Amino acid sequence: MIFAALCFLCASSLHAQWTLSWGDDFNGTANTTYNHNNWSNEVKENTGNVWGDGTIHSTSDSISNVYLDGNGDLIIAMTYNANPPSGQTNYESARLHSLPTTGIGPYGQIEARVQNPGALGMGAAVWAMGADNVTSGIPWPWCGELDMMEIQA
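Residues numbered from 1 in each chain as written. Predicted model: local features only at pLDDT ≥ 70, side-chain atom pairs only at ≥ 80, totals over all residues. Heavy atoms only, no water.

Draft legend 1. Quick peek at the overall build of the protein. Assigned secondary structure in the protein consists of 2 helices and 9 strands. Secondary structure elements of the protein, listed N to C terminal, follow the sequence α-β-β-β-β-β-β-β-β-α-β. Of all intrachain contacts in the protein linking residues separated by at least 6 positions in sequence, the fraction that spans at least 24 positions is 55%. When the accessible surface of the protein is summed, it comes to about 10900 Å², and 56% of that surface belongs to carbon and sulfur atoms. (Helix = DSSP H or I, 4+ residues; strand = E, 2+ residues; numbered from the N terminus. Contact = heavy atoms within 4.5 Å. Areas by Shrake-Rupley, 256 points an atom, 1.4 Å probe, with all protein chains shown as cover.)

Pasting the structure below:
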């Protein structure tokens, strides 16, 4: 019991030392777009293996693929198009990355609440890439990557 109390005191005193350097609470009206000052969407038409990971979807900035739900949640949805433009896949989603890359040090704490898709064949991933990917154009994997979650259903 004493050990647990000491650990709690240690954790709470460490937590008090953290300073928020960037965040997004996704506060906004339902069915509106995300804050484009905080996020960038990598829009690509998938006419082959564009991401190098075998995914079979294009990405868009359409409100049907990425939107706020009005309850503090960002929704990234997969949509199906039975008649896609020539050469493109039937599936479309979004691929966001945060824009702020300065002022975030090499150490820190990342918090996210993620709900995974439940349909067969759907996958979700959350990761952080090195800031030099955006600031200096150093490509993956040389910029570094921290995988927090990757699920293939």
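Draft legend 2. Main features of the nonpolar core. Among the nonpolar cores identified, the biggest contains 7 residues, and these are Phe26, Tyr34, Trp39, Val66, Leu68, Ala94 and Leu96. Those residues in contact with Ala94 that sit more than four places away from it in its chain are Asn41, Thr59, Ser60, Asn65, Val66 and Ile76. (Core = buried A, V, L, I, M, F, W, Y, C linked by side-chain atoms within 4.5 Å. Buried < 20%, exposed > 50% of the residue type's maximum accessible area, 1.4 Å probe, protein only.)

Draft legend 3. Spotlight on the pattern of salt bridges. Counted under the stated rule, the structure contains 1 salt bridge. The partner of Asp73 in a salt bridge is Arg113, with the nearest N and O atoms 2.4 Å apart. Residue Asp73 is found in the loop between strand E3 (66-68) and strand E4 (74-76), and its partner Arg113 is found in the loop between strand E7 (96-98) and strand E8 (123-129); the two are separated by 40 residues along the sequence. With relative accessibility at 23%, the residue Asp73 sits in the partly exposed group. (Salt bridge = Lys/Arg side-chain N within 4 Å of Asp/Glu carboxyl O.)

Draft legend 4. Structural view of the packing of aromatic side chains. Going through the model one piece at a time under the given rule, you end up with 2 aromatic pairs. Seen from their ring centres, Phe26 and Trp39 are 5.8 Å apart, and the 25° between their planes marks the pair as stacked. Pair noted here: Phe26 is in the loop between helix H1 (2-15) and strand E1 (39-41) and Trp39 is in strand E1, with a separation of 13 residues, a long-range link. Here the two residues Phe26 and Trp39 agree in accessibility, since each one is buried. (Phe/Tyr/Trp six-rings, centres within 6.5 Å; stacked < 30°, edge-to-face > 60°.)

Draft legend 5. Expanded view of the side chain of Asn38. Residue position: Asn38 is located in the loop between H1 and E1. Here the side chain of Asn38 touches Asp24 through a polar contact of 3.1 Å, side chain to side chain. (Polar contact = N/O pair within 3.5 Å; in protein donor to acceptor, adjacent residues only side chain to side chain.)

Draft legend 6. Summary view of the sheet that holds strand E5 (residues 79-80). Read across the sheet, 3 strands follow the order E2-E6-E5 without closing on themselves; strand pairing throughout is mixed. With one partner strand each, in any of the chains shown, strand E2 (57-59) and E5 form the two edges of the open sheet. Both E5 and strand E6 (residues 91-93) contribute to a ladder of 2 bridges, which runs antiparallel. Paired with Tyr80 across the strands is Tyr91, a residue of E6. (Pairing = 2+ DSSP bridges.)

Draft legend 7. Inspection of the environment of Pro139 at higher detail. For Pro139, the position within the fold is in the loop between helix H2 (132-135) and strand E9 (145-152). Taking the C-alpha atoms as reference points, Pro139 and Met129, 10 residues apart in sequence, are found 9.8 Å from one another.

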